[in-house]
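A look at the structure
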Amino acid sequence: MSMLVEHIRKFMPVGHGAFFIERLLYEGQRILTAVYDCGDSNSGHEVEKFALQEFGATDNEEREKVDILFISHFDDDHVNGLTYLQPYLKQNTRVFLPFYYEHLRDVYDRNKRAGITTVISILNQIGIKPILVQYAGTDVQGDGVDVDEYDYEAANHTIYSGQPITKTIQGQPIWRYVPFNLFNEQEYYQDFQNKVKNSLHWTDAKLMDAANWTQKDIKALRGVYNSFTGTTINDNSLIVLSDKPKGHRLGRYDTIQAVFLQHTRTCVCFRFSGCCGISCLYTGDTVLRRGVRKTSKYVDRYEDFLKNLKRHVEFISLMQIPHHGSGSNSNIASLCDCMSGRLFCNYATVDSHKAISILNSSKLETIWKNVYSITEDDKTMFEEHGYYRMPWI
């Protein structure tokens, strides 16, 4: 006996922002809805429009609910639509965020501080406690997490980078999400903690006691934090792999069919090939540049990331070009590697040429990959369907 699984993926045309939706159906019945990011450059109103279109009217008791929400990072254009997504969240929606220190919220830069406040305020209204994805290095890999059964409370509402989050039916995994956090916030915190002790002569207890900080304290802490981190809000952008369960090879499926729609172009594949498949890598605004080091203290994060990623998947069908096509976050060398078959980029047509320099590069044609543009034009909405059968063991 086997079960038919259908996977539907949609990239909504919200312009400079991100609102990506995935659905999992088993024998025709929806069993999972996942969202990656929910923001735009129009104060979240583009997310509002497409949330209504996809999930139903907010006063409709039968409206679709979101089971998993990934927030890549706390930039406004990735979170400002959460207000309009709120009616579709429920108390047991699993919300995954990049790791941060709550007691340092007032110390972080203004954008990150505002984003965290927006997200946590809305989640608190619903009664959702988010799960933080913590840096784990290249050699640490935790056990898989059942999205419905895992004891998040016992794990202090954290999971490690590279821990698969699986959806199961009667004990059988049928889909997985693998979040990656490449930014070692814990190491930065240790450096920050030591510098606070040395320059401000604070105890650890005072540093943890954010409720009693004065404005003068906060200003002093910001000065210390900004003096050595050299980081931006994008440095801990959450990367997420969406794929079938590891180890389920082609021979275990009766049929794979994938349909990709953009404008009037359609591609139908009845067997897995180099261009078609179901896996996708969401990269947010992270930095994935081959051969680039942020500082001499840290190893090349891109190479480390590939090492970790290849433990989970041999090939990615579809990959998001980081940071809306910015050449500061990726380069042709990284996009040329054999890990991905196709690329997509979400941006606004009014973005400056510098902001989308990867897309404007004449070298982009040399990578021999289909590149899909998701802009503010409704015609650029991207949709793909994948069908496969898994054995019932």
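Residues numbered from 1 in each chain as written. Predicted model: local features only at pLDDT ≥ 70, side-chain atom pairs only at ≥ 80, totals over all residues. Heavy atoms only, no water.

**Observations regarding the side chain of Glu54**
Among the secondary structure elements, Glu54 is positioned in helix α1 (residues 45–55). Judged by relative accessible area, Glu54 falls into the buried class, the value being 13%. Engagement of the side chain of Glu54 in a polar contact is seen with the side chain of Arg23, the distance being 3.1 Å. Not counting the four nearest positions on each side in its chain, Glu54 is found in contact with Lys10, Met12, Ile21, Arg23 and Glu64. (Helix = DSSP H or I, 4+ residues; strand = E, 2+ residues; numbered from the N terminus. Buried < 20%, exposed > 50% of the residue type's maximum accessible area, 1.4 Å probe, protein only. Polar contact = N/O pair within 3.5 Å; in protein donor to acceptor, adjacent residues only side chain to side chain. Contact = heavy atoms within 4.5 Å.)

**Digging into the nonpolar core**
Core analysis: the biggest nonpolar cluster contains 45 residues, and Phe19, Phe55, Leu85, Leu97 and Phe192 have the highest contact counts within it. If you list the elements that add at least two residues to this core, you get β2 (18–26), β3 (29–39), α1, α3 (82–85), β5 (94–98), α4 (110–126), α5 (185–199) and α7 (215–228). (Core = buried A, V, L, I, M, F, W, Y, C linked by side-chain atoms within 4.5 Å.)

**A word on the environment of Ile358**
Along the chain, the position of Ile358 falls in helix α10 (residues 357–360). Sequence separation of Ile358 and His324 is 34 residues, and the distance between their C-alpha atoms is 9.0 Å. Excluding its chain neighbours within four sequence positions, the residues that come into contact with Ile358 are Ile321, Gly325, Ser326, Gly327, Ser330, Asn331, Ile332, Leu335 and Leu364.

**Here's the deal with the pattern of salt bridges**
All chains considered together, the criterion is met by 17 salt bridges. Taking the shortest distance from any N to any O, the salt bridge between Lys244 and Asp243 comes out at 4.0 Å. Relative accessible area serves as the criterion here: at 25%, Lys244 is assigned to the partly exposed category. (Salt bridge = Lys/Arg side-chain N within 4 Å of Asp/Glu carboxyl O.)

**Description of unusual backbone geometry**
Negative phi is the rule for most residues except glycine; trans is the rule for most peptide bonds. Positive phi, normally seen in glycine, also occurs at Ser43, with a value near 55 degrees. Positionally, Ser43 belongs in the loop between β3 and α1. Classification of Ser43 by relative accessible area gives partly exposed; the value is 48%. A positive phi angle is found at His323, which is not glycine, with a value near 50 degrees.

**Examining the packing of aromatic side chains**
Geometrically, a pair of aromatic rings is defined through the distance of the ring centres and the angle of the planes. Scanning the model with the defined rule gives 24 aromatic pairs in all. Centroid distance Tyr101 to Tyr189: 4.3 Å. Interplanar angle 25 degrees. Geometry classified as stacked. One end of the pair, Tyr101, is in the loop between β5 and α4; the other, Tyr189, is in helix α5, with 88 residues separating them in the sequence. Neither residue differs from the other here; Tyr101 and Tyr189 are each classed as buried. Taken together, the aromatic side chains of Phe11, Phe20, Tyr36, Tyr282, Phe344, Tyr372 and Phe382 make up a single cluster linked through ring pairs. (Phe/Tyr/Trp six-rings, centres within 6.5 Å; stacked < 30°, edge-to-face > 60°.)

**Notes on the sheet that holds strand β16 (residues 340–346)**
Strand pairing in a sheet takes place through backbone hydrogen bonds and is either antiparallel or parallel in direction. Pairing within the open sheet is mixed, and its eight strands lie in the order β7-β9-β10-β11-β14-β15-β16-β17. Looking along the sheet, the strands with just one partner apiece sit at the ends: β7 (145–146) and β17 (370–374). Taken strand by strand, helix α8 (residues 301–309) contacts β10 (172–180), β11 (239–243), β14 (280–282) and β15 (316–320), and its axis lies near 170 degrees from that of β10. (Pairing = 2+ DSSP bridges. Axes fitted to C-alpha atoms, helices over the stretch in contact; angles between N-to-C directions.)

**Thoughts on the confidence of the model for the protein chain**
Put simply, the protein chain has an average pLDDT of 83, and 83% of its residues get 70 or more. By mean pLDDT, strand β13 (residues 265–269) is the weakest element of the protein chain at 45, and strand β4 (residues 68–70) is the strongest at 98. Across residues 262–275 the pLDDT falls below 50, and counting only partners more than four positions away or on other chains, this stretch makes 38 contacts in the model. Of the regions scoring below 50 in pLDDT, residues 292–299 engages in 12 contacts with residues more than four places distant in sequence or in other chains. (pLDDT = per-residue confidence, 0-100.)

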